[in-house]
Amino acid sequence: MDIRAPDQQYNPYRIFTREQWAHLRDDTPMTLEPGEFDKLRSMHDRLDLKEVEEIYLPLSRLLSIYVDATQRLYYAQRQFLGIRDRKVPYIIGVAGSVAVGKSTTARVLQALLARWSPRPKVDMVTTDGFLYPNAVLERQGLMQKKGFPESYDLPRLSSFLSDIKSGRAKVRAPVYSHLTYDIIPNEWNEVDRPDILIVEGVNVLQTGRLPRDGKAVPVVSDFFDFSVYIDAEEPVLRDWYVRRFLTLRDTAFHDPRSYFHRYALLSDDEATATAIAIWERTNLANLEDNILPTRPRATLILKKGADHVVETVALRRL
């Protein structure tokens, strides 16, 4: 991402170096304890005191400004219309490639935002729960495209977000198991009127194809008030994916219940070759065709380097 000053005026984003962004923390207090970083960090991701101070605390401060402005607009509109309507949740989307660290970002934001005064209720869901069950994907020939837009039950996801945004109580989201690589039958996460909801997934900024019959087509991002895209160069993403695959081969894949149990005894060379093949067949294709094209739709872009450290931040101009 180019951060040269002369280009700034022609860019829909304001682009900040890490140092420039860190300065915007101002007096935002650190509310995380040192022992929490390991619980919030995903496998092989980078999260330490410096990363939170320089990247996530300024982002928390910015979000507090956005949420406050939205609430004031909501109350002004309610007064204008002369109605007494319930307050609806502020929804934040977190997007990006497989292995880029979306879960870490989502969990850190949830932890920080939940400690604002006066302690808002902050919930988080992942779109994995809205994947079609494996039996459906196999029947439709989509197992090799798991994670692509067509592998999600988008009407169900849109209905879920519509219920959340309308202020409905106790809305249920399906639960996904990364161990069995499938939806868990008859298990649910219940979201009950949070103040803030974080929605994390690879394709949450996807628009989808428009129909020719004139029917309305709501997309997931229509429900977002703010969105974050986690970015990194493709060779870096591939390396992170391979490293994660090798770690899982030595840990979770040894569980007989694991969908990938067949990979547990692969040698390093075999496991690396397998991971690269999966990356190129599925994750790279999804990145190039579906995920990366949605990056310009994000409110804010965090660009990571090979060491998982955020190097630049791009904020969409108002």
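Everything here concerns the structure above.
Calculation notes
- Residues numbered from 1 in each chain as written.
- Predicted model: local features only at pLDDT ≥ 70, side-chain atom pairs only at ≥ 80, totals over all residues.
- Heavy atoms only, no water.
- Pairing = 2+ DSSP bridges.
- Helix = DSSP H or I, 4+ residues; strand = E, 2+ residues; numbered from the N terminus.
- Axes fitted to C-alpha atoms, helices over the stretch in contact; angles between N-to-C directions.
- Phe/Tyr/Trp six-rings, centres within 6.5 Å; stacked < 30°, edge-to-face > 60°.
- Lys NZ or Arg CZ within 6 Å of the ring centre and 35° of its normal.
- Parallel < 35°, antiparallel > 145°, perpendicular 65-115°, else oblique.
- Left-handed = near helix turned anticlockwise from the far one by under 90°.
- Contact = heavy atoms within 4.5 Å.
- Nonpolar A, V, L, I, M, F, W, Y, C, P; charged D, E, K, R; others polar.

Trainee: Sorry if this is basic, but what is going on with the sheet that holds strand β7 (residues 226–231) here?
Mentor: The strands making up a sheet are joined through hydrogen bonds of the backbone, oriented either antiparallel or parallel. Pairing is mixed in the open sheet, where seven strands are placed in the order β1-β9-β8-β7-β2-β6-β3. At either margin of the open sheet sits one strand with a lone partner, and together these are β1 (13–17) and β3 (122–126). Geometrically, the sheet is characterised by an average inter-axis angle of 20 degrees between neighbouring strands, direction not taken into account. Across five bridges, β3 lies against strand β6 (residues 196–200) in parallel orientation. What sits directly across from T126, in β6, is E200.

Trainee: Would you take a moment to explain the packing of aromatic side chains for this structure?
Mentor: The description of an aromatic ring pair rests on the distance of the ring centres and on the angle between the ring planes. By the definition in use, this model includes 15 aromatic pairs. By the ring-pair criterion, three or more aromatic residues cluster together here, those being Y176, Y181, Y241, F245, F253, Y259, F260, Y263 and W279. Looking at R172, its charged tip hangs above the ring of W188, at a distance of 4.1 Å from the centre. The ring of Y259 has R262 sitting right over it, with the charged end atom 5.1 Å from the ring centre.

Trainee: Help me understand the packing of helix α3 (residues 49–81) against helix α4 (residues 102–113), please; the structure alone is not making it clear to me.
Mentor: Packed helix pairs are characterised by how far apart their axes lie and by the angle those axes make with each other. The geometry of α3 relative to α4 is characterised by a closest axis approach of 10 Å and an angle of 60 degrees between their N-to-C directions. For the element pair α3 / α4, the angle class is oblique. In this structure, α3 meets α4 at a crossing whose hand is right-handed. Of α4, the residues touching α3 (which contributes Y56, L57, L59, S60 and L63) are T105, V108, L109, L112 and L113. For the contact of α3 with α4, the class distribution of residues is eight nonpolar, two polar and no charged.

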